[in-house]
Amino acid sequence: MRRRKSTIFFLILGISLISLAVALQVGWILLNLQQIALLVLGILFFALLITGLVLNTTFLVREIRKSEQQDAFLNAITHELKTPIASIRLYLETLQKRDLSKEKRDAFYDIMLADSDRLLGTVEQVLAASKARERSRKPNTTQVELRELIESCAGQIANRYHLAQEAIKITGASDPLLVKADRGELETVFLNLLDNAVKYSGASREIAIKIRKRQNGVAEVHVKDKGIGIPASELKSIFKRFYRVPSGSPDTPKGTGLGLYIVRSIVESHRGKIFVKSRGVGTGTTFIVRLPISE
Ligand code: ADP
């Protein structure tokens, strides 16, 4: 009887000890699991917080940059609008107040016409930039012969800047190169590239245009100048709306930062591509436009 009692006692003790060990083990696992769960949750929330912060900061920096660029654009556009208006006004006042010789008057009329062209150019550029943002616009496409179009653009630019005939050289493709394009828009592309090539060339106004046919049914046009060049770090940004390469010099030509944005939008809407190459400041710049040839 005593033996049975002690057996029961040890049995209960054994079961209790085993239960305690199991409870301890399970408790320990549960406790650890909870910690692991807490750890995983912690890491998750931390990662979420960091991602949120990074996204927030990126957004803020982008917005600040955009607003800075818009300020710079407003300054540039105000200048571009004000300067020719002020100039025209001055000449008109002089014409009104003084009795001038015919030659003087004609010279004044020429300057005023050039100023009004500049004014019109700026307004047209702003309009073209807002048009480039319209996704639904439909280009008015026809067959355009590339060399003839580029020669016409080169002629207009040579006229605008009173350049010598040999200042803009055109070489390559003697066979007609037809592309399906909106003639007016394609003209805007090459007029902008050539205008920039002259504007950012300083005194060394030597521009070389090379037109060639690539193997895969693509026409390629190189517009190369020997001007101020573009630093490598800026090459990616120059096609952005309102973007102008920062410069500390007051001699830097004025502009709105819209030209290349319009150029890229038009080239891409014609299923083409545009690239820029420059080995840095003072080494000149080459813009390369590729457009699909129409059969
Ligand atoms: P804008 O000439 O009105 O400033 P663009 O969009 O035409 O605007 O050009 C953007 C920037 O790219 C210019 O401010 C200039 O710094 C740079 N750039 C464009 N074309 C040339 C070039 N041919 N040579 C050197 N820099 C250029």
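Look up: the structure comes first, before these words.
Below is a short write-up of the structure. (Residues numbered from 1 in each chain as written. Predicted model: local features only at pLDDT ≥ 70, side-chain atom pairs only at ≥ 80, totals over all residues. Heavy atoms only, no water.)

The subject of this paragraph is the packing of aromatic side chains. Scanning all chains against the criterion turns up three aromatic pairs. Taken together, a centroid distance of 4.2 Å and an interplanar angle of 25° make the contact between Phe 73 and Phe 242 stacked. With Phe 73 in helix H1 (residues 2–97) and Phe 242 in the loop between strand E5 (218–225) and helix H5 (259–269), this pair connects stretches of sequence that are 169 residues apart. In this structure, Phe 73 and Phe 242 share a single accessibility class: buried. Ring geometry for Tyr 91 versus Phe 108: centroids 4.7 Å apart, planes at 65°, classification edge-to-face. (Phe/Tyr/Trp six-rings, centres within 6.5 Å; stacked < 30°, edge-to-face > 60°. Helix = DSSP H or I, 4+ residues; strand = E, 2+ residues; numbered from the N terminus. Buried < 20%, exposed > 50% of the residue type's maximum accessible area, 1.4 Å probe, protein only.)

A negative phi angle characterises most non-glycine residues, just as the trans form characterises most peptide bonds. Despite not being glycine, Phe 242 shows a phi value in the positive range, around 70°. Overall, Phe 242 belongs to the buried group, its relative accessible area being 12%. Positive phi, normally seen in glycine, also occurs at Arg 271, with a value near 60°. Inspection of the secondary structure puts Arg 271 in the loop between H5 and strand E6 (273–277).

Here we take up the site of the ligand. Asn 196, Tyr 200, Arg 244, Thr 256 and Leu 260 are the nearest of the 20 residues found near the ligand. Between the ligand and Asn 196, the relevant distance is 2.8 Å, taken from an oxygen atom to a side-chain nitrogen or oxygen of the residue. Gly 259 places a main-chain nitrogen or oxygen 3.3 Å from an oxygen atom of the ligand. Relative to its unbound accessible area of 530 Å², the ligand is 97% covered by the protein chains. Sorting the residues of the shell around the ligand by element identifies helix H4 (183–199), H5 and strand E7 (285–292) as the ones contributing at least two each. The biggest single contributor to the shell around the ligand is H4, with three residues. A class-by-class count of the residues in the shell around the ligand yields ten nonpolar, seven polar and three charged. (Near = heavy atom within 4 Å. Polar contact = N/O pair within 3.5 Å; in protein donor to acceptor, adjacent residues only side chain to side chain. Areas by Shrake-Rupley, 256 points an atom, 1.4 Å probe, with all protein chains shown as cover. Nonpolar A, V, L, I, M, F, W, Y, C, P; charged D, E, K, R; others polar.)

Here we come to the sheet that holds E6. Taken in spatial order, the five strands of this open sheet run E2-E4-E5-E7-E6, and their pairing is mixed. Here the strands that pair on one side only, and so sit at the sheet edges, are strand E2 (168–172) and E6. Across this sheet, the average inter-strand angle for adjacent strands is 15°, counted without regard to direction. Pairing analysis gives seven bridges linking strand E4 (residues 207–213) to E5, with the strands arranged antiparallel. If you follow Arg 212 over to E5, its bridge partner there is Glu 220. Taken strand by strand, helix H3 (residues 146–160) contacts E2, E4, E5 and E7, and its axis lies near 170° from that of E2. (Pairing = 2+ DSSP bridges. Axes fitted to C-alpha atoms, helices over the stretch in contact; angles between N-to-C directions. Contact = heavy atoms within 4.5 Å.)

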